[in-house]
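Given next are the chains, with one letter for each unit.
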Amino acid sequence: MTVAIVDFRPDHAAAWAQLNTTWLIEGGFAIEAKDRVAIDDPQGVFLDKGGRIFIAEKDGEAVGCCAMVPTDDGVEVCKMTVTPAARGLGLARRLLEACEAAARQAGAVRLYLETNSALKPAIALYESAGFVHLPPRPTPYERADVFMEKRLQPSRTRL
């Protein structure tokens, strides 16, 4: 078994759409307007805005994903999921670590995310990775009722 976290490529578009549509439906969530745009246009929503999308591949098959997009004061982590068959391999943690490393490299001082209180394993992962809960705030997502952040110290690499 070969497992890797790779950057999104155009040939990942169908898997990206399937992964995100599936987790929303399986979670009992509506596919909201903002979801539809992100699912249909990952290039425009994330990559063209200076963000990144990471894909977890198991034996060459996309089994997970996570996106990040710059915000006014850091990076927002979004659209993270791993297929049920690939859970337990540590891929969600590796996806989150890839986002954090990229955010640090870009000089971001904050990771931010919104999720739903029913997604207990995801919240536990975020807490174990150092995210803290924030008070509720306005959001374009109807399902978002948990808000979290992780403050970062930019990496100090020497050239």
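See the structure printed just above.
If you're wondering where the values come from, they're calculated on a predicted model, not measured in any experiment.

So, how was this worked out
- Residues numbered from 1 in each chain as written.
- Predicted model: local features only at pLDDT ≥ 70, side-chain atom pairs only at ≥ 80, totals over all residues.
- Heavy atoms only, no water.
- Helix = DSSP H or I, 4+ residues; strand = E, 2+ residues; numbered from the N terminus.
- Buried < 20%, exposed > 50% of the residue type's maximum accessible area, 1.4 Å probe, protein only.
- Contact = heavy atoms within 4.5 Å.
- Areas by Shrake-Rupley, 256 points an atom, 1.4 Å probe, with all protein chains shown as cover.
- Core = buried A, V, L, I, M, F, W, Y, C linked by side-chain atoms within 4.5 Å.
- Pairing = 2+ DSSP bridges.
- Salt bridge = Lys/Arg side-chain N within 4 Å of Asp/Glu carboxyl O.
- Disulfide = S-S within 2.5 Å.

*Asks:* Residues and numbers for the overall build of the protein chain, please.
*Replies:* When helices and strands are counted, the protein chain shows five helices and seven strands. The helix and strand sequence of the protein chain, counted from the amino end, reads β-α-α-α-β-β-β-α-β-α-β-β. Seen through its C-alpha atoms, the protein chain measures out along the principal axes to roughly 40 × 35 × 30 Å. Out of the 159 residues belonging to the protein chain, those deemed buried represent 46%. Pairs at least 24 apart in sequence give 59% of the contacts found in the protein chain among residues at least 6 apart. Total accessible area on the protein chain is roughly 8400 Å²; 54% of this is exposed by carbon and sulfur atoms.

*Asks:* Provide a residue-level description of the nonpolar core, including the pertinent values.
*Replies:* Ranked by internal contacts, the top residues of the largest apolar core, which has 28 residues, are Leu96 and Phe131. Looking at this core, the elements that each hand over two or more residues are strand 2 (52-58), strand 3 (61-71), strand 4 (74-82), helix 4 (91-105), strand 5 (110-115), helix 5 (120-128) and strand 7 (146-151). Top element by residues in this core is helix 4. It accounts for seven residues. Contact partners of Leu96, with chain neighbours within four places excluded, come to Val77, Met80, Leu125, Tyr126, Ala129 and Phe131. Core analysis: the second largest hydrophobic core is formed by 14 residues, Ala38, Ile53, Cys65 and Ala67 among them.

*Asks:* Quick rundown of the pairing of strand 4? Include the residues and the values.
*Replies:* Among the nine residues of strand 4, nine are classified as buried, and the element is accordingly described as predominantly covered. Direction of pairing for strand 3 relative to strand 4: antiparallel, over a ladder of seven bridges. The residue bridging Pro70 from the neighbouring strand is Val75, located in strand 4. Here strand 3 folds back onto strand 4, and the loop between the two strands holds two residues. Here strand 4 pairs with strand 5 via two bridges, running parallel. Bridging from a neighbouring strand, Glu76 pairs with Tyr112 of strand 5.

*Asks:* Describe the pattern of salt bridges, and please don't skip the residues or the numbers.
*Replies:* Tallied over the full model, the rule gives twelve salt bridges. Put simply, Arg52 and Asp7 hold a salt bridge, and the shortest N to O gap is 3.0 Å. On the criterion of sequence distance, the pair formed by Arg52 in strand 2 and Asp7 in strand 1 (residues 3-7) is long-range, its members being 45 residues apart. Assessed through its relative accessible area of 29%, Arg52 is described here as partly exposed. With relative accessibility at 37%, the residue Asp7 sits in the partly exposed group. Between Arg9 and Glu57 there is a salt bridge, and its shortest N-O distance comes to 3.5 Å. With Arg9 in the loop between strand 1 and helix 1 (13-26) and Glu57 in strand 2, this residue pair connects regions lying 48 residues apart in the sequence. Salt bridges here are not isolated pairs; linked through shared partners, they connect Glu32, Asp35, Lys79 and Arg143.

*Asks:* Could you give an account of the state of the cysteines, with specific residues and numbers?
*Replies:* Summed over all chains, the structure comprises zero disulfides. Of all cysteine sulfurs, the one in Cys66 lies closest to Cys78, which takes part in no disulfide; the gap is 7.3 Å.

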